[in-house]
2 protein chains.
Amino acid sequence: MSDRIRAHYLIETPYSLERAAEVMAGEQSCGTFTRLAGETDELREQHGARVEHIKPLESVEAPSLPTPAPPAGSGRPRYRRARVTLSWPLANLGPSLPTLVATVAGNLFELKEFSALKLLDLELPAPFAAAYPGPQFGIAGTRELTGIAERPLIGTIIKPSVGLSPSATAEVVRELVEGGIDFIKDDELQANGPHNPLKARVDAVMPVIREHAERTGRRVMYAFNITGDLDEMREHHDYVVAAGGSCVMAALNAVGLAGVTHLRRHCQVALHGHRAGWGMFSRSPHLGMSFVAYQKLWRLAGVDHIHVNGLRNKFSEEDASVIASARTCLTPMFAPPSPGCEVMPVFSSGQTADQAVDTYRALDSTDLIFCAGGGIMAHPDGIGAGVHSLRQAWEAAVAGIELDDYAREHRQLARALETFRR
Amino acid sequence: MSDRIRAHYLIETPYSLERAAEVMAGEQSCGTFTRLAGETDELREQHGARVEHIKPLESVEAPSLPTPAPPAGSGRPRYRRARVTLSWPLANLGPSLPTLVATVAGNLFELKEFSALKLLDLELPAPFAAAYPGPQFGIAGTRELTGIAERPLIGTIIKPSVGLSPSATAEVVRELVEGGIDFIKDDELQANGPHNPLKARVDAVMPVIREHAERTGRRVMYAFNITGDLDEMREHHDYVVAAGGSCVMAALNAVGLAGVTHLRRHCQVALHGHRAGWGMFSRSPHLGMSFVAYQKLWRLAGVDHIHVNGLRNKFSEEDASVIASARTCLTPMFAPPSPGCEVMPVFSSGQTADQAVDTYRALDSTDLIFCAGGGIMAHPDGIGAGVHSLRQAWEAAVAGIELDDYAREHRQLARALETFRR
């Protein structure tokens, strides 16, 4: 790969595609609205962003985002769509993630020449892999921390999301670990509120997990949500480590890239990335950022797990998009000898035993965390049965057996399907 | 103000407004898709988000964002719009900015019940003002640092944005300070790239600014763009301070909330907030966050200045929106005895002498930084004339004189209007 940064966009513009692409390139490198004395040809050649490729797509009658009309005289505008690739010399910014974001996803979203602009993908030169830590544990490390060699980690989210006391949380954890759960996470809303402070939660939860591990040898991973200010996150991380925990969680968009990178450099356990707020990037097809681009930033910053929704989720994301997101987490970001930075996708949101087989068929991998909240906790025969129903569903998936066939001999699965199938 | 957090939203939904608002409240507090054993009435009463107000607006035929159709049988759906106010007890999260973001701007954007969802405003209880530093210098402090008592600070952005060497940057700075500029900033693309490393830039630029200050008593503020990883930002901040600088700049969205808060707690000089990437929050009327809500987060985190575009800017933002943004920066966030956290709005993007009078008329304040890049650097008579043209334009504005009248006796202004009026 060259020492240039490449970014791929979907654009829509009432101007010519060539002109629009040049405006993007100028705005995000050495241009302004008028050519300046210092802007020599040599400087443009060395530091200007370059339009690498334009692939015209369809045109539409109306602008997808509110956009000032182009100057009169050009007739009623049509809005042309295209895929555009720009590139920048690494010398402009160096391998800096925050400056990368300001460069590839900065002012250009506001340009009036565009009635749609979405960042689709990023290709980063190897110096980024050298400058950033990337995932510390990733897929293999997470399996090692939990002792689960091949199957997906069956996980859950403490519910109700907020409102439980530390001791009530520990009671739920006790039922979960006894039920055979592999992974538990705090809700993204539950961090360090006065009704359930992080340290009190660690104090209540970790003895349950430690005692269970000593008794059974099973090391359940609990992702404590340490989202907060930076000193607070470091202190809470250390508290989790001292208590024998193996994972901390951060709400990525809320903490931000510099904070997560800093946390990662300090971190001794798995770093679970929650993407709360992701809808702001993703809900519009005409604005924002694809998950392919987004997750590369967080993988470099160093998360080990990242959320991807799940099939038939309670949100608006379609199944194909969920699977594409999970697959991109498993795809190397850099060619050897740089690390691939693969991370574990976390399936979550409205997940129950019912989605396991379809998830496996679509992804063709068990390198994932499969989280069900209500899908475990609301199982009619209790939490343990909820966990078993998911284990059974994944056994069926990997064995290539239809869920309904497997359910005939597996009561918890049968009851889950009865209850949760919609 | 009560100890509840309130957030105002614009929503659009094919469901009843009451049901939709309850889904938001449930998702962002103690709900999941099915009611759980632990979710007692008492827990819901104490920790559930509350729907405070629903103000129905118009309906539309088609969803504004792609949304799965509601279940069949309800006929062809109409999409109802409303303003909705939710509230949360502070006990759920405590005064934590990152957890606030995960709560008021988290998963809810993805909910399939909504074909539009935008955060319009936030009301935060006083404990947030106690927990966060807020602006260290703000308006009065920025005036003190620069010695400019009443008029706007006339500012510029180093252009070309990237590509100049440190010494070439210092040459531009020399012309600017001799021309009478008050404020200079790095471009958001120019942070610590190998072709112009931050320290080398400080070494080249600060002697020019110091020498000018010693000679004239005028303390020009240079906002060095220290955007980067956290340790790098702290080190660069210290370097700027040691060189006698009075301002550092960070690209807010790229660094993130925890990083900016941490930087502010360390910071000894004015903190200039650049909102590169803001278009992702703002371009869609149906998704994202208003600037009113957005800037409250960064004011609490502690920026002293924040960008608001400018009238007739090169971006897609309309003038009324620009003025509303600037006004909200000048509006106290908390009632006494908590601090108001007012910050200086930064007008920028395609600004020239031509916009001064209209800006003053619309805002009725001179508490702002008025930045022109090309509008100074591309003045036909040079940089000094560009600076003078802006000073003259603001003199006219404050004196209530029409620009064209004032231009008759002020040559630099006249030449600027000839050149830049579009």
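Rules used in this analysis
- Residues numbered from 1 in each chain as written.
- Chains lettered and ligands numbered in written order.
- Predicted model: local features only at pLDDT ≥ 70, side-chain atom pairs only at ≥ 80, totals over all residues.
- Heavy atoms only, no water.
- Helix = DSSP H or I, 4+ residues; strand = E, 2+ residues; numbered from the N terminus.
- Rg over C-alpha atoms; globule rule 2.2 N^0.38 Å.
- Buried < 20%, exposed > 50% of the residue type's maximum accessible area, 1.4 Å probe, protein only.
- Pairing = 2+ DSSP bridges.
- Axes fitted to C-alpha atoms, helices over the stretch in contact; angles between N-to-C directions.
- Contact = heavy atoms within 4.5 Å.
- Domains from an automatic or database assignment.
- Buried area = accessible area lost by both parts, 1.4 Å probe.
- Salt bridge = Lys/Arg side-chain N within 4 Å of Asp/Glu carboxyl O.
- Polar contact = N/O pair within 3.5 Å; in protein donor to acceptor, adjacent residues only side chain to side chain.
- Least-squares fit on C-alpha atoms with pLDDT ≥ 70 in both.
- UniProt positions renumbered as here; feature names shortened; annotations may be inferred.
- Core = buried A, V, L, I, M, F, W, Y, C linked by side-chain atoms within 4.5 Å.
- Parallel < 35°, antiparallel > 145°, perpendicular 65-115°, else oblique.
- Left-handed = near helix turned anticlockwise from the far one by under 90°.
- Nonpolar A, V, L, I, M, F, W, Y, C, P; charged D, E, K, R; others polar.
- Phe/Tyr/Trp six-rings, centres within 6.5 Å; stacked < 30°, edge-to-face > 60°.

A. Layout of the overall build of chain A. A count of helical and extended segments in chain A gives 18 helices and 13 strands. Relative to the 2.2 N^0.38 estimate, which gives 22 Å for 422 residues, the radius of gyration of chain A is 24 Å and therefore close to what a compact globule would have. With the C-alpha coordinates of chain A rotated into their principal frame, the extents come out at 75 × 45 × 45 Å. Classification of the 422 residues of chain A by burial places 64% in the buried group.

B. Structural view of the sheet that holds strand β9 (residues 270–274) of chain A. Residues and elements named next belong to chain A. Taken together, the 8 strands give a closed barrel; going around it, the order is β5-β6-β7-β8-β9-β11-β12-β13, and neighbouring strands pair in parallel fashion. Sheet twist, expressed as the average angle between the axes of neighbouring strands with direction ignored, equals 25°. Bridge analysis of strand β5 (residues 153–157) against strand β13 (residues 369–371) gives 3 bridges, and the strand direction is parallel. When the bridges of β13 are listed, Ile 154 appears paired with Phe 370. Packed on one face of the sheet, helix α6 (residues 166–178) meets β5, β6 (183–185) and β7 (221–225) and runs near 160° to β6.

C. Expanded view of the domain arrangement of chain A. All names here are of chain A. Here chain A is described as being made up of domain 1 (4–131) and domain 2 (138–420). Each of domain 1 and domain 2 has a C-alpha centre, and these two points are 36 Å apart. Listed per partner, the contact involves 22 residues of domain 1 and 22 residues of domain 2. Counting the surface lost from both domain 1 and domain 2, the interface buries some 1700 Å², and carbon and sulfur atoms represent 68% of this. Among the residues of domain 1 in contact with domain 2, Leu 97, Lys 118 and Ala 129 are the three that bury the most area, contributing 31% of the side total. Counting across the interface, domain 1 meets domain 2 through 1 salt bridge. Across the pair Asp 121 and Lys 296 runs a salt bridge, and its minimum N-O distance is 2.9 Å. Counting the contacts that link domain 1 with domain 2 gives 11 residue pairs in polar contact (both at pLDDT 80 or more). Every element with two or more residues in the side of domain 1 that touches domain 2 is listed here: α3 (97–104), β4 (116–123) and α4 (126–131).

D. A look at the relation of the copies chain B and chain A. Once chain B is rotated about the relating axis by 180° and shifted along it by 0.0 Å, it coincides with chain A to within an RMSD of 0.0 Å. Taken together, the rotation and translation describe the operation of a two-fold axis. Among all residues of chain B, the minimum C-alpha distance to the rotation axis is found for Gly 256 of chain B, at 1.8 Å. Both copies contact each other with a shared surface, as 100% of the interface residues of chain B are interface residues in chain A too.

E. Representation of the UniProt feature "domain: Ribulose bisphosphate carboxylase large subunit C-terminal" (unreviewed entry) in chain A within the structure. Using the residue numbers shown here, the UniProt feature "domain: Ribulose bisphosphate carboxylase large subunit C-terminal" (unreviewed entry) corresponds to residues 138–420 of chain A. With 49% helix and 13% strand, the stretch residues 138–420 of chain A has end C-alpha atoms that lie 31 Å from each other.

F. Spatial organisation of the nonpolar core. Membership of the largest hydrophobic core comes to 252 residues, with the highest contact counts inside it found for Tyr 9 of chain A together with Tyr 9 of chain B. In contact with Tyr 9 of chain B, not counting residues within four places along its chain, are Met 24, Ala 82, Arg 83, Val 84, Leu 86, Trp 88, Val 104, Leu 108, Leu 117, Lys 118, Leu 119 and Leu 120 of chain B.

G. Structural view of the packing of helix α8 (residues 230–242) of chain A against helix α10 (residues 257–266) of chain A. Residues and elements named next belong to chain A. α10 packs onto α8 with a crossing angle of 30° between their chain directions and a minimal axis gap of 10 Å. With respect to α10, the element α8 is oriented roughly parallel. When you trace α8 past α10, the crossing you get is right-handed. In this structure, α8 uses Leu 230, Met 233, Arg 234, His 237 and Asp 238 to contact α10, whose residues at the interface are Gly 259, His 262, Leu 263 and His 266.

H. Quick peek at the pattern of salt bridges. Residue and element names in this part refer to chain A. Summed over all chains, the structure comprises 56 salt bridges over all chains. Residue Asp 182 is joined to Arg 218 by a salt bridge in which the shortest nitrogen-to-oxygen separation is 2.8 Å. Residue Asp 182 is found in the loop between α6 and β6, and its partner Arg 218 is found in the loop between α7 (198–216) and β7; the two are separated by 36 residues along the sequence. Judged by its relative accessible area of 1%, Asp 182 is buried. In this structure, Glu 211 engages Arg 215 in a salt bridge whose closest nitrogen and oxygen atoms are separated by 3.0 Å. With Glu 211 and Arg 215 both in helix α7 and 4 residues apart, this pair spans about one turn of that helix. According to the relative accessible area criterion, Glu 211 is partly exposed, its value standing at 35%. On the basis of relative accessibility, which here comes to 48%, the residue Arg 215 falls in the partly exposed class.

I. Structural view of the environment of Leu 363 of chain B. Residue and element names in this part refer to chain B. Among the secondary structure elements, Leu 363 is positioned in helix α14 (residues 356–363). Measuring from C-alpha to C-alpha, the distance between Leu 363 and Arg 210 comes to 33 Å, with 153 residues separating the pair along the chain. Not counting the four nearest positions on each side in its chain, Leu 363 is found in contact with Ile 323, Ala 326, Arg 327, Leu 330, Phe 347 and Leu 368.

J. Representation of the interface of chain B and chain A. Opposite the 95 residues of chain B that make contact, chain A presents 95 residues. Both faces considered, chain B and chain A share a buried interface measuring about 7300 Å² in area, 62% of it formed by carbon and sulfur atoms. Our count for the contact surface shared by chain B and chain A stands at 4 salt bridges. Ionic pairing is found between Asp 229 of chain A and Arg 265 of chain B, a salt bridge with its closest N-O pair at 3.8 Å. On inspection of chain B and its partner chain A, the count reaches 32 residue pairs in polar contact (both at pLDDT 80 or more). Mapped onto the side of chain B that touches chain A, the elements with two or more residues apiece are α2 (41–47), α3 (97–104), α8 (230–242), α9 (252–255), α10 (257–266), α11 (278–282), β10 (287–289) and α15 (374–377) of chain B. Ranked by residue count, the leading element in the side of chain B that touches chain A is α10 of chain B, at 6 residues. Across the side of chain B that touches chain A, the residue classes break down as 42 nonpolar, 39 polar and 14 charged.

K. Region of the structure containing the sheet that holds strand β2 (residues 50–60) of chain B. Residue and element names in this part refer to chain B. Ordered in space as β2-β3-β1-β4-β10, the 5 strands form an open sheet in which the pairing is mixed. A strand with exactly one partner marks an edge of an open sheet, and here the two such strands are β2 and β10. Averaged over all adjacent pairs, the angle separating strand axes in this sheet is 15°, with direction ignored. Of the strands in this sheet, β1 (4–13), β2, β3 (79–89) and β4 (116–123) are in contact with helix α1 (residues 17–27), which crosses β3 at around 40°.

L. Up close: helix α12 (residues 291–301) of chain A. All names here are of chain A. Counting buried positions over the 11 residues of α12 gives 10, a clear majority of the element. Every buried residue belonging to α12 is among Phe 291, Ala 293, Tyr 294, Gln 295, Lys 296, Leu 297, Trp 298, Arg 299, Leu 300 and Ala 301, and all of these are buried. Two residues or fewer past α12, Gly 302 is found with a positive phi of approximately 120°.

M. Local environment of the packing of aromatic side chains. Overall, the coordinates contain 20 aromatic pairs over all chains when judged by the stated rule. Centroid distance Tyr 222 of chain B to Phe 224 of chain B: 4.2 Å. Interplanar angle 35°. Geometry classified as tilted. Exposure class is identical for Tyr 222 of chain B and Phe 224 of chain B. Each is buried. The interplanar angle of 25° and the centroid separation of 6.5 Å between the aromatic rings of Phe 347 of chain B and Phe 370 of chain B together place this pair among those described as stacked. Note that Phe 347 of chain B is positioned in strand β12 (residues 344–347) and Phe 370 of chain B in strand β13 (residues 369–371), a separation of 23 residues in sequence. Pair check on accessibility: Phe 347 of chain B and Phe 370 of chain B agree, each one buried. Taken together, the ring pairs in this structure connect Trp 278, Phe 281, Phe 291, Tyr 294 and Trp 298 of chain A into an aromatic cluster.

N. Just the pairing of β4 of chain A, in detail. All names here are of chain A. Within β4, 6 of the 8 residues are buried, leaving the element largely enclosed by the surrounding structure. Note: strand β1 (residues 4–13) against β4, 7 bridges, orientation antiparallel. Paired with Glu 12 across the strands is Ala 116, a residue of β4. In the sheet, β4 pairs with strand β10 (residues 287–289) via 3 bridges, with the strands oriented parallel. Opposite Leu 117, over in β10, you have Leu 287 as the bridge partner.

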